[in-house]
Amino acid sequence: MKVGLFFGSFNPIHIGHLIIANVMQDSTDLDEVWFVVSPQNPFKKRKALLHEFDRLRMVELAIEGNYRFRAMDVEFHMPKPSYTVDTLAYLSDKFPQHDFKLIIGGDNLTHFHKWKNSDQILNQFGLYVYPRPGESVDYDHPNVRHVEAPLIDISATFIRKSVEAGKSVTYLLPPLVEDYIKGKKFFV
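Criteria and thresholds
Residues numbered from 1 in each chain as written. Predicted model: local features only at pLDDT ≥ 70, side-chain atom pairs only at ≥ 80, totals over all residues. Heavy atoms only, no water. UniProt positions renumbered as here; feature names shortened; annotations may be inferred. Helix = DSSP H or I, 4+ residues; strand = E, 2+ residues; numbered from the N terminus. Rg over C-alpha atoms; globule rule 2.2 N^0.38 Å. Salt bridge = Lys/Arg side-chain N within 4 Å of Asp/Glu carboxyl O. Buried < 20%, exposed > 50% of the residue type's maximum accessible area, 1.4 Å probe, protein only. Axes fitted to C-alpha atoms, helices over the stretch in contact; angles between N-to-C directions. Contact = heavy atoms within 4.5 Å. Nonpolar A, V, L, I, M, F, W, Y, C, P; charged D, E, K, R; others polar. Core = buried A, V, L, I, M, F, W, Y, C linked by side-chain atoms within 4.5 Å.

Per an unreviewed UniProt entry, the protein chain is named Probable nicotinate-nucleotide adenylyltransferase, and its organism is Echinicola rosea. In its Pathway (unreviewed entry) section, the UniProt record describing the protein chain reads: "Cofactor biosynthesis; NAD(+) biosynthesis; deamido-NAD(+) from nicotinate D-ribonucleotide: step 1/1." Comment text from UniProt for the protein chain, heading Catalytic activity (unreviewed entry), reads "nicotinate beta-D-ribonucleotide + ATP + H(+) = deamido-NAD(+) + diphosphate".

Next comes the structure, spelled out in structure tokens:
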């Protein structure tokens, strides 16, 4: 089975993430997309980051009922900060029957060379790249597949700021995720 790994803080997961995952699964040869919730991204500050179990729960709520999507907590049990290459090695050992591909945005492709063991990731696993607003990256490599997808300019930062300001986030989040955030009084 070919599995696309969609890493992220998902703080919170939003409609943009789901649209990209759906396009990746539907428009490519990927059988499934696994959402890998990252406890701490080495390139991001920890400020305003919800607890990893709450972010995992929101991913579970967002993908509920879609058998081609899966929420993964694999990095919760690994040294922090998490590095993608280490997670890929762990998943490959645990699921040797799967062919893993990394799903990233064009904005991440620009800085991909800065990732730990980026050449190993590129050569051993490969990248499925979706476009991001304001980014036009042409990276020519046999293991980089550019996938046509809608330009989604929704950010978790915008959502957090909107909730903090008392503004509506309806249609930006799956309803169950919006209810979870309201119920837990997150970002207020």
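The discussion continues.
J.: For the overall build of the protein chain, give the residues involved together with the corresponding values.
T.: A count of helices and strands for the protein chain gives seven helices and six strands. Scanning the protein chain from its N terminus toward the C terminus, one meets helices and strands in the order β-α-β-α-β-α-β-α-α-β-β-α-α. Radius of gyration (C-alpha) of the protein chain: 16 Å, near the 16 Å computed for a compact globule of 188 residues. Counting only C-alpha atoms, the protein chain reaches 45 × 35 × 30 Å along its principal axes.

J.: Could you give an account of the pattern of salt bridges, with specific residues and numbers?
T.: As enumerated under the stated definition, the model contains nine salt bridges in all. Residue Asp29 pairs with Arg145 through a salt bridge whose shortest N-O separation is 3.3 Å. Residue Asp29 is found in the loop between α1 (15–27) and β2 (32–37), and its partner Arg145 is found in strand β6 (residues 144–146); the two are separated by 116 residues along the sequence. Look at Asp29 and you get partly exposed, because its relative accessible area is 36%. Looking at Arg145, the relative accessible area reads 32%, which means it is partly exposed.

J.: Account for the packing of helix α2 (residues 52–63) against helix α7 (residues 175–184), with residues named and values stated.
T.: The packing of two helices is summarised by the inter-axis angle and the distance between the axes. Interhelical geometry of α2 versus α7 gives an angle of 150° and a closest axis separation of 8 Å. For the pair α2 and α7, the contacting residues are Asp54, Arg57, Met58, Leu61 and Ala62 in the first and Leu176, Val177, Tyr180, Ile181 and Lys184 in the second. Within the contact of α2 with α7, the residues separate by chemical class into seven nonpolar, no polar and three charged.

J.: Break down the nonpolar core for me, citing the residues and quoting the values.
T.: Phe6, Ile13 and Phe35 are the most contacted members of the largest nonpolar core, which has 37 residues in total. Every element with two or more residues in this core is listed here: α1, β2, α2, β5 (127–130), α6 (156–164) and α7. Broken down by element, this core gets its largest block of residues, six residues, from α2. If near-sequence neighbours (up to four positions away) are discounted, Ile13 is found in contact with Leu18, Phe35, Met58, Val59, Ala62, Leu173, Pro174 and Val177. Core analysis: the second largest hydrophobic core is formed by 24 residues, Phe7, Val85, Leu109 and Trp115 among them.

J.: Explain unusual backbone geometry to me, and be specific about the residues and the numbers.
T.: Residues Asn11 and Pro12 are joined by a peptide bond in cis, for which omega reads 5°. The topology assignment puts Pro12 in the loop between β1 (2–8) and α1. Note that the residue after Lys80, namely Pro81, is joined by a cis bond; omega there is 0°. Locating Pro81 in the fold gives a position in the loop between β3 (69–72) and α3 (84–94). A positive phi angle is found at Lys185, which is not glycine, with a value near 55°. In this structure, Lys185 sits in the segment after α7.

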